[in-house]
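# Working through the structure, step by step
Each chain, written out:
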Amino acid sequence: MASPEIDALTQALSRLPGLGPRSARRAVLHLIKRRETALVPLLSALTAVGERLATCSVCGNVDTTDPCSICADGRRDPKSLCVVEEVADLWALERSRLFPGRFHVLGGRLSALEGVRPEDLSIDALARRIEAGGVDEVVLAMNATLEGQTTAHYLADRLERFPVRVTQLAHGLPVGGELDYLDEGTLAQALRARRPVA
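Position numbers for residues start from 1 in each chain and track the written sequence from start to end. Note on the predicted model: pLDDT of at least 70 is required for a residue's local features to be given, and 80 or more for side-chain atom pairs to be given and counted; whole-chain, interface and lining totals, by contrast, use all residues. Side-chain descriptors were evaluated using all non-hydrogen atoms of the structure, hydrogens and water having been removed beforehand.

Moving on, we get to the sheet that holds strand β3 (residues 77-84). Strand order in the open sheet formed by four strands is β4-β3-β5-β6, and the pairing between neighbours is parallel. With partners counted over all chains shown, the strands left at the sheet margins are β4 (101-105) and β6 (165-168), one partner each. Averaged over all pairs of adjacent strands, the angle between their axes in this sheet comes to 25°, without regard to strand direction. The pairing criterion for strands is at least two bridges between them, as found by DSSP. Going along the chain from the N terminus, every DSSP run of H or I of four or more residues is numbered as a helix, and every run of E of two or more is numbered as a strand. Of the pairings in the sheet, the one linking strand β5 (residues 137-141) to β6 comprises four bridges and is parallel in character. Residue pairing across strands places Val138 opposite Val166, the latter belonging to β6. This element, helix α4 (residues 87-96), spans β3, β4 and β5 of the sheet and lies at about 160° to β4. On the sheet, helix α5 (residues 123-131) packs against β3, β4 and β5 and is oriented at approximately 150° with respect to β4. Axis lines are fitted through C-alpha atoms, for helices just across the contact stretch, and the angle between N-to-C directions can take any value from 0 to 180 degrees. Any two residues whose heavy atoms approach within 4.5 Å are treated as being in contact.

Structure representation (structure tokens):
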């Protein structure tokens, strides 16, 4: 039996994505066993983030500064704006280090089943950013789901009045993927987006 404090820590960790009760117990035991090298640095990092956590007033990213480090980076191309559904999508694209521009986080995607409407997302803020000028291209980096594609089509229609080029991420075969393991939707999209062999 663990103390109430250790039990509370285990329960808190078990609520994190990807961690169930057993994994949380293993993580807690690891932290306890390596108190100085694992637990103390983790507590310090959690405290620092908890005290300084902010949502960027420009793009909607989560950081410890406002504006976030991406929006404050003068080396970023202000003419390219990549629109994503969630902060996790922004972070995934940023890890690739392939997009040199700036971002805009919608805070979700349109979904009739979940009751998410255009006014529930930061679409008006996106329109204001584009209306302010300086943006030449808007890249719609929505997930390849029905809701993601619905959101992308809605945004394309909404941005039609602005003098910007609206593009979308390509969808199709993943690198290293085998045709036999792919679903019909992915195969259909890959066939529609086929291009000449270079």
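There's more to say after this.
Moving on, we come to the side chain of Glu137. With respect to the helices and strands, the residue Glu137 is situated in strand β5. For every residue, the accessible area (1.4 Å probe, protein chains only) is compared with the maximum for its type, and the residue is labelled buried under 20%, exposed over 50%, or partly exposed between those bounds. Take Glu137: its relative accessible area is 16%, and that puts it in the buried class. Those residues in contact with Glu137 that sit more than four places away from it in its chain are Lys79, Ser80, Leu81, Arg165 and Thr167.

With that settled, consider the pairing of β3. In terms of strand pairing, β3 meets β4 through five bridges, oriented parallel. The residue bridging Cys82 from the neighbouring strand is Phe103, located in β4. Crossover handedness for the path β3 to α4 to β4: right-handed. Pairing analysis gives five bridges linking β3 to β5, with the strands arranged parallel. In the strand pairing of β5, Leu81 is matched with Val138. The handedness of a crossover follows from its direction of travel: if, with the strands pointing away from the viewer, the path from the first strand over the helix to the second runs clockwise, the crossover is right-handed.

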